[in-house]
Amino acid sequence: MQLHFTLHFPIQNLHESTFAGSPITPPAKRVRRSSRKKKEDGEHRENGRQSTVEKLQVYAYILHLCVSHPKSAFSVSDLLPAVQELHGNLILFESDSILLSEIANLCEEWWKGDLLGKETLISQSLPVILSRSLTLKKKVDVHRVYTLREASCCLTLRMRLTKELCAMIKSQIPFGRKSMLEAYGEIVFRAWKAVEGECKYEIENGFLQGLLEGAIYASSATLAASIRRILGGFVNNRTTEGVEKLIFCLAEPIIFRSLQVANSNVRQNALHLLLDLFPLEDPDATKEAKDTLLEKQFFLLDKLLMDESPDVRAVAVEGSCRTLHLFWEVIPSPIITKIITRIFDDMAHDACTEVRLSTVNGVIYLLGNPQSHEVLKVLLPRLGNLIMDSTTAVRAAVCDLLLLLNDIRNFHFHKVVSIDVLVSTLANDQPLVARKITKLLIPSYFPSKVTEEEACKRMITLIKRSPIAGARFCEFAGLEGASLRSLMKLFKVLSDLIMSSVKLDEELVEGLLVAASHLCTNLAKDASFQAALREELSAKKLKTLFTVASTSRAQSSICNIISTMSLDAVGDLFEDCMGLINRFSGLSDNIERQAEVRSAHKMILSCGWFDDMVEVLVGCLQKAAYGCHAKLGIELGKQNVGSAMRRTKSSIKVSSKSKHCNGQRPSNIDKSRFSEDYASAIGVSWHIKDLLLHENTRKAMLGSRHLESAYSALKVISEASVLYCLQYDYMNTWPVSAYTTLTLHMSLHNIKTDVSRDFTQASVSDLTLDHLLRCANNVFRANNNNKSDSLPSESLNTTNTKRAPGYSTDTGECQTGSSLTKQTRISNSVKMLTAVLKFLVDATALNLVTCSQDRCLNFAIENVNFIITNLREHSIAQLQITEEDLKDMFVCLKSSFTYSSKLLHIMLKACEDSSCQAGAYSLVNELFNLIVSVEEFLGYGYAARLVTVIQPWVPDMILALGSNCLGKQTPEKGVCSDSSENAAFRLPSWFYILARVEFCEQRDTNADDDTEKDQHAKDFSAFKRLVETMSMLLKSNNKILDAVGAIFLTGSLNALQSKKFEVVLGLLHFVCVKLVKPEDTEWKELKLMLASIEEIYSKVQPEAEELGNNENDRQKLYSAKALLEPVWLSYIYDESRHSMEEE
């Protein structure tokens, strides 16, 4: 008995850890955790589980020793409860094969010993032993099953035990693995054969009938599949006498009806079951009846091929192919023709990807029956166009089909898909598809059965036919079985061809070099070929290859070869490599070129030229920084003054007088030259950010002697980018992004600049954040001052040397809006401010800044308000925004919202003072205002997507909304009782929208005629969905509900005092109908809300009496009073009366 109790607690702990994440009862509120916290929790839970399992292994082994003791020294009745505890929880131990085996052995020993209660230890242990024999297929396991063959007859002992064991098997269905469920099916089948009378009836009409219905009406496809695995014990033995009749009698009454119901999930489950049971027939029926039933099944299959549900169609097409594969010889030809024509003509062109994929997979399965080959040989070319399908999975499946055809005699894959199409697909498709095509073409273009010289000739033929396709073939040839020796030979042939005097066109040279690069990558993995590769790649040869390579992709291939082999003697290739890096134009948006440049980065790093490359890049930044100083009046830092002047002196002639004129731009600075320099700075910014992404280059970058110069130049360019984003369309976020990324890495590695060393308490992140916030504040102020007429004169640096953005020193006029369309201005500014916000949030989350929390929150508030203002002032109709521009703008809005919400989350965790809580409250209101503005000006579609994105942040938004009230414990008076606080309360604009929606909803509910209903109630659908989510979460915590509800009631009182009676009614309807209904018992705990309701209720009646003849407004107030009255009577008036009576 003591051992039983000892076992109980580890098993209980294991059960809790196993099902801790069960989705059966979802939490009311999503708990947000960092990925590191999740990882730590997971490791802790796994360690605890492993410890528990090890203890249970020891207990099971001790029990086994006790049972098998030669002198039977231990009482069986004392051991039985402990053994039953282990047996009853076998489902928990499936993941641990050792413990599972120990317990199964214990139960087996108990059965063999014919000990007390042996029949209670079979229901779960026997399937484990049977599953083991089916999985491992060892003789010893098969023998164990044979010795326990009588155990399955325990179902025959008595009716009650039969019911209990059947119920136990049903309970295991949702959790059991495939082999375990199949073992259960085999056990039930054997028991069915052995029993008679009531027990047999119970199995047939109780257990099996219930399983059939469950397989059809299961709530999920996974559960239905699990049920069918148990039924497989009978389906797989349908040749046994009586089984076919049993299946027919149980399934026929429900399966055909279920195939035609309205619910698509039921149709799908029923179809799966029909395909498992096919052909469903009555063995005792006449031939005519059987044929009629068979025709009915084919009719339904054909009908389901055209079902409205794509999931049903996908199952139907694969199931039809499976049926044809199994029964081709006996199915009438007209039926075969009808089904297969439907599949090739209709299903192959279905709009649903899953259906097209199932079509190809079904045909692959059908090819397994040789009888189908003659027909398929004619029809397969109709599937050829699927090699160009829009979905990668379908194209890959077609490649699998072609590979199968290549192995079947008398089939030719090129008659299904032409070689030209295959070569084109190889050149342009995803790696998964390209690799399969390579495998398909290897016997043709690089066969192993010919000499290496002949194979290389064929390969060169392919490269000449399509250089890109040939290069990709070389990328995957080694992975698909080509010998490394032959690939080495091919590498030499390709390099010799490039070096030859034969005139080759540019595209062919590029293809040859890319192919050589791929071959080098594959060969370098084998140490035995590295010496031969080094011998082949001399410095002279590499120089010649660079000379021949005229495209950036060809040059990047040579860089890949050098970095892959880590070659030392590469000669003077630095300038050649920098020629690839110095092409800055359009780099930040060109993914293909970015990959080429990364190969140059790797080469330069491997050759030890990294600092030289950084010097060149920083020189370009300093040139652009000086242009910002000269053209825009941005103050240069110490690091930029001398170097920038030296670099620009040769290209820009500037008089000594104009160099020191306090920000006056030299008159001969060319506008186009500055835009070119700025464009180069954008490209360099991409370089710097990309170098910081990868560990090796990041370490080199942070150790570079030019690091501080890069930081200083980026600071100047970023300042210009933020301040002048409203004036110049070429201003870009990349310099700001590089500036902030570099700052974060410098702070994480405790690297300081000259300026930060002067401030012992200020980190690089502090200085950068302070700088960017001041820039952003100037943009906000300019936006508020009639759209950038001029900027405030606040200095960003020690000396105020800048001109006001938009001011042209050439003309003396403001250029605001002249060179920019309105939508570009909005998009530029939002992107720039989002970049600043991202840095603020990242630095705060990493604890890298000591900036005031209020200042951070104020910036986020100003940023959201800036977006809302521009959205409202420039509607879509005015701007005529294209769909592409709208998508870009929405991405910015989504990022701004996400980062603002993350900042809100950080601040709620960190701050407790009232000013911070007020900032959080203001920010969350602006976020709600933003949602409403997006739906109003960009439409429901974008608002719905935004609401989906912000769902994880809703709990934080709720906490921020109630942050002002959560700390108040004033049961005698509500939040809105203080007149001074209430006077200062500013009703957020989204409160008006919420009130309007609620008011229209209430009016529409009371309207008799549908035509009287206000269409406005149907607006803001996405916003209403968000409010519904918020309401649902609020109901899970009364304390937060009380705080947030009090905020809405404060807004209602404020609206009452402002004579906005529609808002009063709308907000009260939301509180008293959506948040807490009058009959809900939670009211007694909502002290703040009750106190607020008491005050509002006392003022509604007098306000209504003062309205005079305004019947419409009076009716609104009476409706508001009607909403409050049940709560007032139940929880305020009654309590006050009881208190008076007690006194």
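Just so it is clear, the model here is predicted, and its values are computed rather than measured.

We now examine the overall build of the protein. Helix and strand counts for the protein stand at 53 helices and zero strands. Each of the 1143 residues in the protein was classed as buried or not, and the buried ones make up 52%. Once local pairs closer than 6 in sequence are excluded, the contacts in the protein between residues at least 24 apart make up 75%. Counting every atom, the protein has about 52200 Å² of accessible surface; 50% of that belongs to carbon and sulfur.

Take unusual backbone geometry next. Of note, the amide linkage connecting Phe-278 to Pro-279 takes the cis form, showing an omega dihedral of -5°. As for its position among the elements, Pro-279 is in the loop between helix H12 (264-277) and helix H13 (287-305). Of note in the backbone geometry, Asn-750 takes a positive phi value of approximately 55° without being a glycine. Tracing the chain through its elements places Asn-750 in the loop between helix H36 (734-748) and helix H37 (754-758). Notably, Lys-1059 is not glycine yet its phi reads approximately 65°, a positive angle. Secondary-structure assignment places Lys-1059 in the loop between helix H50 (1038-1057) and helix H51 (1061-1075).

Let us now look at the environment of Leu-300. Along the polypeptide, Leu-300 turns up in helix H13. Leu-300 sits 40 residues away from Gln-260 along the chain, and the two C-alpha atoms are 8.6 Å apart. The residues contacting Leu-300, other than those within four sequence positions of it, are Phe-256, Leu-259 and Gln-260.

With that settled, consider the packing of aromatic side chains. Overall, the coordinates contain 22 aromatic pairs when judged by the stated rule. Here the aromatic rings of Trp-192 and Phe-234 are separated by 5.8 Å at their centres, their planes lie at 70°, and the arrangement is edge-to-face. Here the residue Trp-192 occupies a position in helix H8 (residues 178-194), and Phe-234 occupies one in helix H10 (residues 221-235), the gap between them amounting to 42 residues. Judged by its relative accessible area of 5%, Trp-192 is buried. By relative accessible area, Phe-234 is classed as buried at 4%. Aromatic side chains Phe-278 and Phe-298 sit 5.4 Å apart centroid to centroid with 70° between the ring planes, which places their arrangement in the edge-to-face category.

Quick look at H51 now. Look at H51: 20 Å from first C-alpha to last across 15 residues, which is about the 21 Å you get at 1.5 Å a residue. Across the 15 residues that make up H51, a large majority, twelve, are buried.

To continue, consider the confidence of the model for the protein. Scored by pLDDT, the protein has a mean of 81; 79% of the residues are at 70 or more. pLDDT under 50 marks residues 647-669. Its contacts with residues more than four places away, or in other chains, come to 28 contacts.

Under the criterion given, the structure shown has 38 salt bridges. Measuring nitrogen to oxygen at the nearest pair gives 3.2 Å for the salt bridge that ties Glu-1095 to Lys-1099. Separated by four residues within a single helix, Glu-1095 and Lys-1099 lie in helix H52 (residues 1087-1105), roughly one turn from each other. For Glu-1095, a relative accessible area of 15% gives the class buried. Put simply, Asp-1113 and Lys-1116 hold a salt bridge, and the shortest N to O gap is 3.9 Å.

Before going further, it helps to examine the packing of helix H22 (residues 467-477) against helix H24 (residues 506-524). As a packed pair, H22 and H24 sit with axes 8 Å apart at the nearest point and diverge in direction by 5°. In terms of axis orientation, H22 runs roughly parallel to H24. Contacts from Pro-467, Gly-470, Ala-471, Cys-474 and Glu-475 of H22 reach H24 at Glu-507, Leu-508, Gly-511, Val-514, Ala-515, His-518, Leu-519 and Asn-522. In the contact of H22 with H24, the residues fall into seven nonpolar, four polar and two charged.

Relative to the assigned elements, Leu-386 resides in the loop between helix H17 (373-379) and helix H18 (392-406). With a relative accessible area of 3%, Leu-386 lands in the buried category. Each C-alpha atom, one on Leu-386 and one on Arg-356, is 8.4 Å from the other, the two residues being 30 residues apart in sequence. Ignoring sequence-local partners within four residues, the contact set of Leu-386 consists of Ala-348, Arg-356, Val-360, Val-394, Arg-395 and Val-398.

One pass over the full model with this rule turns up zero disulfides. No disulfide involves Cys-474; its sulfur sits 9.5 Å from the nearest other cysteine sulfur, which is in Cys-456.

Let's shift gears to the environment of Leu-723. Position of Leu-723 among the secondary structure elements: in helix H35 (residues 707-723). Distance in space between the C-alpha atoms of Leu-723 and Leu-632 is 9.7 Å, their sequence separation being 91 residues.

This part is about helix H21 (residues 452-465). Helix length check: H21 (14 residues) gives 20 Å between terminal C-alpha atoms against 20 Å at 1.5 Å per residue, within 8%. Ala-455, Cys-456, Met-459, Ile-460, Leu-462 and Ile-463 are the residues of H21 that are buried. For H21, the buried positions fall inside an angular range of 155° around the axis, keeping them on one side. Residues of H21 that are exposed and point more than 90 degrees away from the buried face comprise Lys-457 and Lys-464.

Another aspect to go through is the side chain of Ser-901. Its location among the elements puts Ser-901 in helix H42 (residues 883-910). Only 2.9 Å separates the side chain of Ser-901 from the backbone oxygen of Phe-897, close enough to count as a polar contact. Setting aside residues no more than four positions away along its own chain, Ser-901 makes contact with Leu-927 and Trp-953.

What counts and what doesn't
- Residues numbered from 1 in each chain as written.
- Predicted model: local features only at pLDDT ≥ 70, side-chain atom pairs only at ≥ 80, totals over all residues.
- Heavy atoms only, no water.
- Helix = DSSP H or I, 4+ residues; strand = E, 2+ residues; numbered from the N terminus.
- Buried < 20%, exposed > 50% of the residue type's maximum accessible area, 1.4 Å probe, protein only.
- Contact = heavy atoms within 4.5 Å.
- Areas by Shrake-Rupley, 256 points an atom, 1.4 Å probe, with all protein chains shown as cover.
- Phe/Tyr/Trp six-rings, centres within 6.5 Å; stacked < 30°, edge-to-face > 60°.
- Expected span 1.5 Å × (residues − 1).
- pLDDT = per-residue confidence, 0-100.
- Salt bridge = Lys/Arg side-chain N within 4 Å of Asp/Glu carboxyl O.
- Axes fitted to C-alpha atoms, helices over the stretch in contact; angles between N-to-C directions.
- Parallel < 35°, antiparallel > 145°, perpendicular 65-115°, else oblique.
- Nonpolar A, V, L, I, M, F, W, Y, C, P; charged D, E, K, R; others polar.
- Disulfide = S-S within 2.5 Å.
- Arc of directions from axis to C-beta.
- Polar contact = N/O pair within 3.5 Å; in protein donor to acceptor, adjacent residues only side chain to side chain.

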